[in-house]
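The chain contents come next:
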Amino acid sequence: MAPPALLEIQEIVFKRPEASFVGSFFALEQLPRDGLPQVAVAGRSNVGKSSLLNQIVGQRKLAKVSSTPGRTRSLNFFRLDNRFYLVDLPGYGYAKVSKTLREQWGRLIEQYLTSSDRLIGLVLLLDCRREPTEQDRDLITWLSERQLPVMVAVTKADKLSKDKLMRKVDRVEQELGAAAMAFSTVTGIGRNALLASIRRLVDEHLQQTRIKIDG
Ligand code: GDP
């Protein structure tokens, strides 16, 4: 059994966040302006984004699991721990919608990414049985050019054997040059690790901001 101090640390790091849904926004002017740091969550439609968000925030219905893939077109803001936002970006690349609609989604994501000065990093979701798309790669390139950290969650990890999954995670890390971890809402794998990584990113950002203000 782990010593008490370690258990205490685990409780703090993995504890269910205090989470609330702030709103769905279709235009940049509507976004919250309270200055809290923002961590975006992105991926193609049906990759398991709503399920991952539900798992992370520990409330099954907070981010609705869409029965129609790609239905969500808005930027959805969740406030966590009263310290930061998780920003659910519209799922991209759903083939059944019109080209114009697809372009509009792309534009909203692009406008948000290029204009948000509170964005501190992004969680990119990739289905473990698929290859990264051009949009996935574009997003990673764009973020690394701006030195914004990316964490890749390899979703639906329960669909692969342990061996294949490990190889997939390694390959994703090598190909995309970003830290990757397996995630499954069925087995619960990855939930604690991802939540801890997001909290660490926020903590580091807040510390740096404090140093800048104090210094
Ligand atoms: P979104 O469109 O990216 O928000 O994806 P959803 O969260 O709506 O999930 C799309 C489909 O994948 C649904 O049928 C989910 O039940 C399924 N799904 C999501 N996460 C997992 C997972 O970890 N394992 C498995 N086997 N299925 C999943």
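For clarity, every value in this text was computed on a predicted model and none was experimentally measured.

Caption draft 1: Broad picture of the site of the ligand. Around the ligand there are 14 residues in total, and Lys49, Ser50, Ser51, Asp158 and Thr185 lie nearest to it. Take Asn46: an N or O atom from its main chain is 2.9 Å from an oxygen atom of the ligand. Take Lys49: an N or O atom from its main chain is 2.8 Å from an oxygen atom of the ligand. Among the residues making up the shell around the ligand, the classes are represented as three nonpolar, seven polar and four charged.

Caption draft 2: Up close: the sheet that holds strand S4 (residues 84–88). Within the open sheet, the seven strands sit side by side as S1-S3-S4-S2-S5-S6-S7. Their pairing is mixed. The open sheet terminates on both sides in strands that have one partner only, identified here as strand S1 (19–25) and strand S7 (179–182). Adjacent strand axes in the sheet meet at a mean angle of 25 degrees when their direction is disregarded. Pairing geometry for strand S2 (residues 38–42) and S4, over four bridges, is parallel. Paired with Val39 across the strands is Leu86, a residue of S4.

Caption draft 3: Layout of the nonpolar core. Counting residues in hydrophobic clusters, the biggest one holds 36 residues, and the most contacted among them are Leu89, Tyr112, Leu113, Leu122 and Val152. Not counting residues up to four positions away in its chain, the partners in contact with Leu89 are Ala40, Val41, Ala42, Lys49, Ser74, Leu75, Ile109, Tyr112, Leu113 and Leu122. Counting 25 residues, the second-largest nonpolar core is a separate cluster that includes Val39, Leu86, Met181 and Leu195.

Caption draft 4: A look at the environment of Leu124. Turning to its location among the elements, Leu124 is positioned in strand S5 (residues 119–127). Judged by relative accessible area, which is 0%, Leu124 ranks as buried.

Caption draft 5: Seen up close, the packing of aromatic side chains. Inspection of the entire model under this criterion finds four aromatic pairs. Ring geometry for Phe21 against Phe78: centres 5.3 Å apart, planes inclined by 50 degrees, an arrangement best described as tilted. Residue Phe21 is found in strand S1, and its partner Phe78 is found in strand S3 (residues 75–80); the two are separated by 57 residues along the sequence. Phe78 sits in the buried class, given a relative accessible area of 3%. On the numbers, 6.5 Å between centres and 85 degrees between planes, the contact of Phe77 with Tyr112 is edge-to-face. With Phe77 in strand S3 and Tyr112 in helix H3 (residues 99–115), this residue pair connects regions lying 35 residues apart in the sequence. Overall, Phe77 belongs to the buried group, its relative accessible area being 0%. The exposure class of Tyr112 is buried, given its relative accessible area of 1%.

Caption draft 6: Region of interest: the pattern of salt bridges. If you walk through the whole model with that rule in mind, you get ten salt bridges. Ionic pairing is found between Arg171 and Glu131, a salt bridge with its closest N-O pair at 3.5 Å. Here the residue Arg171 occupies a position in helix H5 (residues 162–176), and Glu131 occupies one in the loop between S5 and helix H4 (134–145), the gap between them amounting to 40 residues. Take Arg171: its relative accessible area is 38%, and that puts it in the partly exposed class. With a relative accessible area of 45%, Glu131 lands in the partly exposed category. Note that Arg146 and Glu145 form a salt bridge whose closest N and O atoms lie 3.7 Å from each other. Of the residues examined, Glu145 reaches a relative accessible area of 58% and is grouped as exposed. Residues joined in a network through salt bridges with shared partners are Asp127, Arg129 and Lys156.

Basis of the calculations
For every chain, the first residue of the written sequence is number 1, and numbering continues from 1 along that sequence. Totals for whole chains, interfaces and linings use all residues, but because this is a predicted model, local features are given only for residues with pLDDT of at least 70 and pairs of side-chain atoms are given and counted only at 80 or more. Each side-chain value is worked out from all heavy atoms of the structure, with water and hydrogens disregarded. The nearness test applies per residue and asks whether one of its heavy atoms lies within 4 Å of the molecule or strand. Under this definition, polar contacts are N or O atom pairs within 3.5 Å; protein pairs additionally need one hydrogen-donor-capable and one acceptor-capable atom, and for neighbouring residues in sequence, both atoms have to be side-chain atoms. Under this grouping Gly is polar, as are all residues other than the nonpolar Ala, Val, Leu, Ile, Met, Phe, Trp, Tyr, Cys and Pro and the charged Asp, Glu, Lys and Arg. Strand pairing is assigned whenever DSSP identifies at least 2 bridges connecting the two strands. Every helix listed is a DSSP run of H or I at least four residues long, and every strand listed is a run of E at least two residues long, numbered separately from the N terminus. Every axis corresponds to a line fitted to the C-alpha atoms, with the helix fit spanning only the stretch in contact, and the corresponding angles, defined between N-to-C directions, vary from 0 to 180 degrees. In plain words, nonpolar cores are sets of buried Ala, Val, Leu, Ile, Met, Phe, Trp, Tyr and Cys residues tied together by side-chain atoms within 4.5 Å. Between buried and exposed lies partly exposed: a residue is buried under 20% and exposed over 50% of the maximum accessible area for its type, with that area taken using a 1.4 Å probe on protein chains only. The contact criterion used throughout is that any non-hydrogen atoms of two residues lie within 4.5 Å. Classification of ring pairs rests on two measures: the distance between centres of Phe, Tyr or Trp rings, Trp counted by its six-membered ring, which must be within 6.5 Å, and the angle between planes, read as stacked under 30 degrees, edge-to-face over 60 and tilted in between. We define a salt bridge as a side-chain nitrogen of Lys or Arg found within 4 Å of a carboxyl oxygen belonging to Asp or Glu.

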